[in-house]
Each structure stands twice: as structure tokens, then as C-alpha cells.
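Residue strings, one per chain:
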Amino acid sequence: MTRIICPGASGARILGTGAYRPSRVVTNEEVCGPIDSSDEWVRQRSGIVSRRFARTDETVISMAVAAASKAIAASGISPNQLGMILLASMSYLYQTPSAAPQVARLIGANTSGALDVHSACAGFCYALGIANSLVSAGTSEYVLVVGAEKMSDIIDPTDRSTAFLFGDGAGAVVIGPADEPGIGPVIWGSDGSQAGLIAHSGSWLTVRDGTGEWPTMRMSGQEVYRWTLREITPVAQRAIAAAGLSVDNLAAFVPHQANLRIIDAIAKSLGLPPHAAVARTVETDGNTSAASIPLALDQLTASGQVASGDLALLIGFGAGLSYAAQVVALP
Ligand SMILES: CC(C)(COP(=O)(O)OP(=O)(O)OC[C@H]1O[C@@H](n2cnc3c(N)ncnc32)[C@H](O)[C@@H]1OP(=O)(O)O)[C@@H](O)C(=O)NCCC(=O)NCCS
């Protein structure tokens, strides 16, 4: 296997993955009613066929716990060996306390640090980059990284530009020490000048003051689409180069599952080798923001399309605007 080059690091890698999808499948027909749209339009513009919506009693925390428990079991460690839990989410609706300490308690990680990471659709790759640094530096032996979203709480079912895109779910990975680096250097960045392209419709202050509605997601779809096509491929190429690799070394491409047209356009412009698997879970998950990459990773490793040790390029991008990418060895 071609090795990731990670100067100065003793090494960290993904040991196991886990996923949780709510049982309720929501069809395009169901979301299209309030937005005067159609199954055909949604499939053609986004590739989405269906998504999952959580029940009232399924929360960001409960979904995170379900995915985390599976990732811990797959990694062969016990929860009390975790030194840090990083929970990426944009749909956890408490300012405080953060969600990660509650996840820690519920999975039995009683001595772990616990931190929420708030970077929308780039959140999982940001958290993975932090986890890699913690384990490689010896700060924590094992780190749990979870992406968990209940996007159905923060979308407006009558908004034509977002109502059909998003879904709910959670995915998780456990990172642990390795003899050789199994996670490449993270390439990350942001452009706050474009903060308004994907943003809440208002502040919670307007709810307090009685001057605004419940804030929901808004997106300038065309501008976001153009930004991803212009900016994201070069970031992906830098992540491949930073790991000392070329695109031909990749066995898989697991981008944020924003929409199928974006995924296929980036895959094409990267010039992936024909044997590389491309994650397309957006078709049945929708865009699950920070959960989309670990959900897709879990499905990819379970599919038998890739082998342990194969290299996959991950890239998250979205609100902020922000992005993060790295190459990983699959568990
Ligand atoms: C959202 C997205 C699918 C919309 O597609 P689009 O081609 O840009 O659509 P537009 O907003 O330009 O609208 C095109 C037409 O479709 C119509 N339309 C818009 N939303 C519609 C909907 N939900 N259903 C049916 N028609 C719709 C518009 O009214 C317009 O009609 P017109 O040509 O008669 O004026 C597309 O912009 C996109 O994929 N953006 C990136 C979104 C994304 O992945 N974000 C996540 C990043 S984390």
C-alpha cells in the first residue's frame, strides 16, 4: 500500500466506524408538496431520491450515541479509554450545555474530554483534523469523532431552495494510535466574506424580542454551487499532495454529500482513477451536513468495495463558508 507521509507525527488512524439512520424514510413527493416541486426536478437537480427524518424522541444526542456506540464496538476499545469526544453538529439547539459531555456520559466515557465543533458541513473533517493532532501528539490515546444532525429541526418546509435537500442522521469514527500515519495533514480554510450564502434566516434574538420567526436555513443555491466548483477541487488536490500522494493512489472519494451534481463534478475534475469508489449516499440520505461524511464512510467500508488500508480522500465544505480535507487509510 502507498503510505501517507505525515512529517513529525508518530501516527493516528481510523480504527472503526458507526452509523445511525432514523427509520422514517421521507420521499421527494412528501417534501415537494409545500414547495410546488416534483420528484423529477429534485432528482435531476440534486440526485436525491429520499432522506431520513428523525422522530420527536430522536435527538442529535441520541443519534450521536447510537452511531458512537457502533464505532466504539467496531474499533475494539472500551468507552473509558477515550480521551476526547468531538461532536460536530449545526443543528443542536442549545447554546449551553454543549452536547458532547452528554454523549460522553451516555456511552460510558466517564473520564473523557468532550467538545462540540460548530463548522456546519465541514465540521466532521475539521474535528477529524483536530483528533489526528491530539492522537499524533500523544495528548489523547483514543478520540471519538461524531457528526450528528437533526436538520429537519432547522429547515423551513416551505423554502424552495432548501426543503428538499437536507436529512437527519449520525456517523462516528474512533481514532487511535498507529505505527504509520493513517490520516494525512488537514487542509482547511474559510471565507467569512461569504457568510450570507448559507445562513439562518435570523438570530434567536428576534425570537426573544418577538420581531422574528423561528430561524431556519437559507441558501443562495447558485452562488454556493459555483463556489464549490471553483474552490473545492484545488483544496482536494492540496490534501492529496500534503499526504505525499497522487490521485492515482486513491481507492475512494468520500466528499460531503451536498448534492450529486457537485459530487460528480468534483470527482471528474480531480481525474480519479476508474477503480476509485465515489460515495453517493446523498441519494438516500439527503444532505446530512456534518453527519454526511461519516455516514458515507461507514456505508463504503461495509459495502465491500474497499479494503482495510485503502486510501480515501475526504472533503467537507459549506456554511461559513468553510472547508476541510484530508486523505485517510480506511479501517
Ligand atoms: C439548490 C439547487 C439544486 C437549485 O438549482 P438551480 O438550478 O440553481 O435552481 P435556480 O434557483 O437557479 O432555479 C432554476 C429554476 O428552478 C425553479 N426552482 C427553484 N427551486 C425549485 C424547486 N425546489 N422545485 C422546482 N423548481 C424550482 C426556479 O424558480 C427557476 O425557475 P425559472 O428558470 O423558471 O426561473 C442548486 O443551486 C444547487 O445544487 N446548489 C448547491 C446547493 C448545495 O449543495 N448546498 C449545500 C452546500 S453544503
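Rules used throughout
Along every chain, residues carry numbers that run from 1 in the direction the sequence is written. For a predicted model such as this one, the threshold for reporting local features is a pLDDT of at least 70, and the threshold for listing and counting side-chain atom pairs is 80 or more; totals across whole chains, interfaces and linings nevertheless cover every residue. The side-chain figures draw on all heavy atoms in the structure; neither hydrogens nor water molecules are used. Here a helix means four or more residues in a row that DSSP labels H or I, a strand means two or more in a row labelled E, and each is numbered from the N terminus. Residue contacts follow a heavy-atom distance rule, with two residues in contact if any of their heavy atoms lie within 4.5 Å. Residues enter a nonpolar core if they are buried and are Ala, Val, Leu, Ile, Met, Phe, Trp, Tyr or Cys, with the set joined through side-chain atoms within 4.5 Å. For every residue, the accessible area (1.4 Å probe, protein chains only) is compared with the maximum for its type, and the residue is labelled buried under 20%, exposed over 50%, or partly exposed between those bounds. Each domain's limits were defined by an automated method or a database of domain assignments. Note: buried area is the sum, over both parts, of the accessible area (probe 1.4 Å) each one loses when the two are combined. Here a salt bridge means any side-chain nitrogen of Lys or Arg lying within 4 Å of a carboxyl oxygen belonging to Asp or Glu. We define a polar contact as two N or O atoms separated by no more than 3.5 Å, with the added condition that, inside protein, one atom must be a possible hydrogen donor and the other a possible acceptor, whereas residues neighbouring each other in sequence contribute only through side-chain atom pairs.

Colleague: Give me the lowdown on the side chain of Ser 119, citing residues and values where you can.
Modeller: Structurally, Ser 119 can be placed in the loop between strand E5 (113–117) and helix H5 (123–136). Once residues within four sequence positions are removed from consideration, Ser 119 is found in contact with Tyr 126 and Ser 322.

Colleague: Break down the nonpolar core for me, with residues and values.
Modeller: Counting residues in hydrophobic clusters, the biggest one holds 54 residues, and the most contacted among them are Phe 253, Leu 272, Leu 313 and Phe 317. Broken down by secondary-structure element, the contributors of at least two residues to this core are helix H1 (28–32), strand E10 (217–219), helix H7 (221–242), helix H8 (260–270), strand E13 (311–318) and strand E14 (322–329). Per-element accounting of this core gives the leading share, 7 residues, to H7. Two domains each provide a minimum of three residues to this core, namely domain 1 (11–178) and domain 2 (187–329). Once residues within four sequence positions are removed from consideration, Phe 253 is found in contact with Ile 263, Ile 266, Ala 267, Leu 270, Leu 272, Ala 277, Val 278, Ala 279, Leu 313 and Ile 315. Grouped together as the second largest cluster of nonpolar side chains are 35 residues, Ala 127, Leu 128, Ile 183 and Ala 279 included.

Colleague: Let's hear about the domain arrangement of the protein: which residues, and what values?
Modeller: Split by domain assignment, the protein resolves into domain 1 (11–178) and domain 2 (187–329). Counting residues at the interface gives 51 residues for domain 1, matched by 46 residues for domain 2. Summed over both sides, the interface between domain 1 and domain 2 buries roughly 3600 Å², with carbon and sulfur atoms accounting for 61% of that surface. Broken down residue by residue, the surface that domain 1 buries against domain 2 is led by Arg 21, Cys 121 and Cys 125, which jointly contribute 17%. Close ionic contact of Arg 21 with Asp 285 constitutes a salt bridge, the shortest N to O distance being 2.8 Å. The tally of links between domain 1 and domain 2 comes to 21 residue pairs in polar contact (both at pLDDT 80 or more). Within the residue set of the side of domain 1 that touches domain 2, elements represented by two or more residues are strand E1 (12–20), helix H2 (39–46), strand E3 (50–52), H5, strand E6 (142–150) and strand E7 (168–177).

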